[in-house]
Number of protein chains: 2
Amino acid sequence: MERIPILKLGDCLLVSIQVDMHDRLAMQLQDDLTSRIAATAARGVLIDISALEMVDSFIGRMLGNIAAMSRVLDAETVVVGMRPAVAITLVELGMSLPGVRTALNIERGMDLLSATPDIRGNDNGSPVG
Amino acid sequence: MERIPILKLGDCLLVSIQVDMHDRLAMQLQDDLTSRIAATAARGVLIDISALEMVDSFIGRMLGNIAAMSRVLDAETVVVGMRPAVAITLVELGMSLPGVRTALNIERGMDLLSATPDIRGNDNGSPVG
């Protein structure tokens, strides 16, 4: 399984991360996701990390990069499904996932994306996190 | 990663299979999925297999079992995202995935689930496939 599937849900794309990420897989995901955003004119990207037992700085940077790349392609990114233990660890490590929005689950994430169509007005900084 | 995450989308549950399945993981998925159907009163189960490069008899039997278990819990199962090459191989191997409905992608699968609320009237055979 060399690729992480990207699922289309209406205006959004959904990515469920279940496998251990490494450099090449992260690059492949960025390539695939940006291509799909361009091809489908998606307005939102949902990244489900409920399978992840830890989020280290590599994953955190990857999420930030994906959010920044999506933003310049006019799509908002919401990370959903974070486990409570992961949230605790993130804060203890001093990682705040800058530029990345989070929601409890997919439904809340889709609500967030649909409720704030001009969500990106308040945070359009550098495209590379 | 010892579990496959189950995502709730409205009335449906979504499972995206990305990793190589083995016996214990399949049992765990069946346990988790039936518990989630009972807990959320879901009416549909979408299983995305777009990441799978092949569907062998083990996977085919697992899909049939999940569909049968869901059916007796009053939820319909639709398998979505099958690759064209997988469809060719399935037919060449003489596997027709009995009792399992398929759709091209998640959106078509959700349409199928919402369009036919009494879909199970025509196929309520033995619960074990």
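Here, the structure is the one placed above.
In this numbering scheme, every chain counts its residues from 1 along its sequence in written order. Chain A is the first chain written and ligand 1 is the first ligand written, with later ones labelled in order. pLDDT decides what is reported in this predicted model: residues at 70 or higher carry local features, side-chain atom pairs at 80 or more are listed and counted, and totals for whole chains, interfaces and linings draw on all residues regardless. Working from all heavy atoms in the structure, the side-chain values ignore hydrogens and water.

## Observations concerning the overall build of chain A
Here is step 1 of the chain: Counting secondary structure elements, chain A contains four helices and five strands.
Here is step 2 of the chain: Ordering the α and β elements of chain A from the N terminus gives β-β-α-β-α-β-α-β-α.
Here is step 3 of the chain: A 1.4 Å probe rolled over the protein chains alone gives each residue an accessible area, and that area as a share of the maximum for its type sets the label: buried under 20%, exposed over 50%, partly exposed in between. Going through the 129 residues of chain A one by one, you find that 47% of them count as buried.
Here is step 4 of the chain: Taken as a whole, chain A presents about 6,400 Å² of accessible surface, with 54% of it coming from carbon and sulfur. Segments assigned H or I by DSSP are reported as helices when at least four residues long, segments assigned E as strands when at least two residues long, and all are numbered from the N terminus. Accessible surface area values rest on a Shrake-Rupley calculation with a 1.4 Å probe, where residue burial reflects the displayed protein chains alone.

## Brief notes about the environment of E2 of chain B
Here is step 1 of the chain: Its location among the elements puts E2 of chain B in the segment before β1 (6–9).
Here is step 2 of the chain: C-alpha separation for the pair E2 of chain B and L29 of chain B, spaced 27 residues apart in sequence, amounts to 9.9 Å.
Here is step 3 of the chain: Any pair of residues with heavy atoms lying within 4.5 Å of one another is described as a contacting pair. Setting aside residues up to four positions removed in sequence, E2 of chain B forms contacts with E53 of chain A together with L25 and Q28 of chain B.

## Thoughts on the interface of chain A and chain B
Here is step 1 of the chain: Each partner contributes to the interface: chain A provides 21 residues, whereas chain B provides 21 residues.
Here is step 2 of the chain: Values labelled buried area give the accessible surface lost by two parts on being combined, using a 1.4 Å probe and summing over both. Carbon and sulfur atoms make up 58% of the surface buried where chain A meets chain B, a total of about 1,900 Å² over both sides.
Here is step 3 of the chain: Just to be clear on terms, a salt bridge is a Lys or Arg side-chain nitrogen sitting within 4 Å of an Asp or Glu carboxyl oxygen. Applying the counting rule to chain A against chain B returns two salt bridges.
Here is step 4 of the chain: For the salt bridge of E107 of chain B with K8 of chain A, the shortest nitrogen-to-oxygen distance reads 3.6 Å.
Here is step 5 of the chain: Polar contact is the term for a pair of N or O atoms within 3.5 Å; when the atoms are in protein, one must be able to donate a hydrogen and the other to accept it, and sequence-neighboring residues count only if both atoms are side-chain atoms. At the surface where chain A touches chain B, the tally comes to four residue pairs in polar contact (both at pLDDT 80 or more).
Here is step 6 of the chain: Broken down by secondary-structure element, the contributors of at least two residues to the side of chain A that touches chain B are β1 (6–9), β2 (12–16) and α4 (106–115) of chain A.

## Considerations on the pairing of strand β3 (residues 44–48) of chain A
All names here are of chain A.
Here is step 1 of the chain: Counted residue by residue, β3 has five buried out of five residues, so it is predominantly covered.
Here is step 2 of the chain: What you see with β3 is no split at all: G44, L46 and D48 on one side and V45 and I47 on the other are buried throughout.
Here is step 3 of the chain: Strand pairing is defined by DSSP finding a minimum of two bridges between the two strands. Bridge count between β2 and β3: five bridges; the pairing is parallel. Along β3, the bridge assignment pairs L13 with V45.
Here is step 4 of the chain: Remark: the β2/helix α1 (residues 23–40)/β3 crossover connection has right-handed handedness.
Here is step 5 of the chain: Sheet analysis places β3 next to strand β4 (residues 76–80), joined by five bridges and oriented parallel. Bridge pairing links G44 to E76 in β4. Orient the strands so they point away from the viewer; a crossover is then right-handed if the path from the first strand over the helix to the second runs clockwise.

## Here's the deal with the pattern of salt bridges
Pairing between side chains becomes possible if they bear opposite charge and their charged atoms approach one another.
Residues and elements named next belong to chain B.
Here is step 1 of the chain: By the definition in use, this model includes 10 salt bridges over all chains.
Here is step 2 of the chain: Measuring nitrogen to oxygen at the nearest pair gives 3.5 Å for the salt bridge that ties R43 to D74. Residue R43 is found in the loop between α1 (23–40) and β3 (44–48), and its partner D74 is found in the loop between α2 (57–72) and β4 (76–80); the two are separated by 31 residues along the sequence.
Here is step 3 of the chain: The partly exposed category is assigned to R43, whose relative accessible area is 40%.

## A word on the side chain of D32 of chain B
Here is step 1 of the chain: When you line up the elements, D32 of chain B lands in helix α1.
Here is step 2 of the chain: The contact partners of D32 of chain B, leaving out residues within four places of it in the chain, are R3 and I6 of chain B.

## Comments concerning the nonpolar core
Here is step 1 of the chain: What we call a nonpolar core is a set of buried Ala, Val, Leu, Ile, Met, Phe, Trp, Tyr and Cys residues that are connected through their side-chain atoms within 4.5 Å. Membership of the largest hydrophobic core comes to 60 residues, with the highest contact counts inside it found for M21 and L29 of chain A together with M21 and L29 of chain B.
Here is step 2 of the chain: The next biggest cluster of nonpolar side chains, apart from the first, holds 20 residues, and it includes V80 of chain A together with V78, A103 and L113 of chain B.

## Quick word on the relation of the copies chain A and chain B
Here is step 1 of the chain: For this overlay, a least-squares fit was computed on C-alpha atoms, restricted to residues scoring pLDDT of at least 70 in both copies. In the superposition of chain A on chain B (RMSD 0.0 Å, axial shift 0.0 Å), the rotation amounts to 180°. Viewed as a symmetry operation, the transformation between the two copies matches a two-fold axis.
Here is step 2 of the chain: By residue overlap, the copies meet face to face through one surface: 100% of the interface positions of chain A are interface positions in chain B.

## Quick notes on the sheet that holds strand β2 (residues 12–16) of chain B
Residues and elements named next belong to chain B.
Here is step 1 of the chain: Strands sit in the order β1-β2-β3-β4-β5 across an open sheet of five strands; the sheet is mixed. The sheet is open, and its two edges are formed by β1 and β5 (101–103), each paired on a single side. Taking each pair of neighbouring strands and ignoring which way they run, the sheet shows an average axis angle of 30°. Simply put, an axis is a line fit to the C-alpha atoms, just over the touching stretch for a helix, and the angle between two N-to-C directions goes from 0 to 180 degrees.

## Considerations on the layout of surface pockets
Here is step 1 of the chain: Put simply, the largest pocket is a space of about 400 Å³.
Here is step 2 of the chain: Detection works on a 1 Å grid of protein atoms alone, calling trapped sets that fit a 1.4 Å probe cavities and calling open sets with protein on both sides within 12 Å along at least five of seven lines pockets, with lining residues defined by an atom within 4 Å of a point. In terms of lining, the largest pocket is formed by 18 residues, of which the most central are P5, I6, L7 and R36 of chain A together with S50 of chain B.
Here is step 3 of the chain: Those elements that provide at least two residues to the lining of the largest pocket are β1 and α1 of chain A together with α4 (106–115) of chain B.
Here is step 4 of the chain: Ranked by residues supplied to the lining of the largest pocket, first place goes to β1 of chain A with three residues.
Here is step 5 of the chain: Looking at side-chain class alone, the lining of the largest pocket contains eight nonpolar, three polar and seven charged residues. Grid points are joined across faces, edges and corners, and a volume is the space filled by probe spheres set on the points. Gly is placed with the polar residues, together with every amino acid not listed as nonpolar (Ala, Val, Leu, Ile, Met, Phe, Trp, Tyr, Cys and Pro) or charged (Asp, Glu, Lys and Arg).

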